[in-house]
2 protein chains.
Amino acid sequence: MVSDKGLSVAAMHRICKKAGAERVSESAAIEMAKVLEEIGFKIAKGAIDYTIHAGRKTVEDRDIKIAAEKIWIKE
Amino acid sequence: MVSDKGLSVAAMHRICKKAGAERVSESAAIEMAKVLEEIGFKIAKGAIDYTIHAGRKTVEDRDIKIAAEKIWIKE
């Protein structure tokens, strides 16, 4: 665990393996958990803005979708 | 769970709450897990390119760091 209730390091290993990694260091998996936590936090912040703007109190999947689209570079 | 061994939906709820969400729908948490899985996959792909370029077989934390910097918009 990267931190209390952080993203699972095992899941990070799995993602790297799925992407084709031959071997993944423990520090790389921990770094990935940290990075995805930060990105997730940023997406959540953006999503909450959309939620409030729509006059709702509950974050919905469409808020996450639009916030994610704004935050990361599309290729 | 979004899929077999996907990112924990509970962790997604936690991230949204940490970002200040009052309430988070289950579908929003599932969407966040999906989005972060995709971003993680893209970062891992990028990291592997750096690993191979450096003549290594093991993905290290510096590979994840540089790949993450390239992939998402810095603010």
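Residues numbered from 1 in each chain as written. Chains lettered and ligands numbered in written order. Predicted model: local features only at pLDDT ≥ 70, side-chain atom pairs only at ≥ 80, totals over all residues. Heavy atoms only, no water.

Some details on the interface of chain A and chain B
By a widespread convention, an interface's size corresponds to the accessible area lost as its parts come together. Each partner contributes to the interface: chain A provides 44 residues, whereas chain B provides 44 residues. The contact between chain A and chain B buries some 4300 Å² in all, and 68% of this surface belongs to carbon and sulfur atoms. Between Arg14 of chain B and Glu37 of chain A there is a salt bridge whose closest N-O contact spans 2.9 Å. Applying the counting criterion to the chain A and chain B interface returns 16 residue pairs in polar contact (both at pLDDT 80 or more). Those elements giving two or more residues to the side of chain A that touches chain B turn out to be α1 (9-18), β1 (23-24), α2 (26-53), β2 (58-59) and α3 (61-71) of chain A. Take the side of chain A that touches chain B: its biggest share by element is 15 residues, from α2 of chain A. Counted by class, the side of chain A that touches chain B contains 23 nonpolar, six polar and 15 charged residues. Pairing between β2 of chain A and strand β1 (residues 23-24) of chain B: two bridges, direction parallel. Across the sheet, the residue bridging to Val59 of chain A is Val24 of chain B, located in β1 of chain B. (Contact = heavy atoms within 4.5 Å. Buried area = accessible area lost by both parts, 1.4 Å probe. Salt bridge = Lys/Arg side-chain N within 4 Å of Asp/Glu carboxyl O. Polar contact = N/O pair within 3.5 Å; in protein donor to acceptor, adjacent residues only side chain to side chain. Helix = DSSP H or I, 4+ residues; strand = E, 2+ residues; numbered from the N terminus. Nonpolar A, V, L, I, M, F, W, Y, C, P; charged D, E, K, R; others polar. Pairing = 2+ DSSP bridges.)

A word on the pattern of salt bridges
Enumeration according to the criterion identifies 10 salt bridges over all chains in this entry. In this structure, Lys18 of chain A engages Glu37 of chain B in a salt bridge whose closest nitrogen and oxygen atoms are separated by 2.9 Å. In this pair, Lys18 of chain A sits in helix α1 while Glu37 of chain B sits in helix α2 (residues 26-53), so the two residues belong to two different chains. Owing to a relative accessible area of 9%, Glu37 of chain B belongs among the buried residues under this scheme. Note that Arg56 of chain A and Asp63 of chain A form a salt bridge whose closest N and O atoms lie 2.9 Å from each other. One salt-bridge network, held together by shared partners, links Arg14 and Lys18 of chain A together with Glu37 of chain B. (Buried < 20%, exposed > 50% of the residue type's maximum accessible area, 1.4 Å probe, protein only.)

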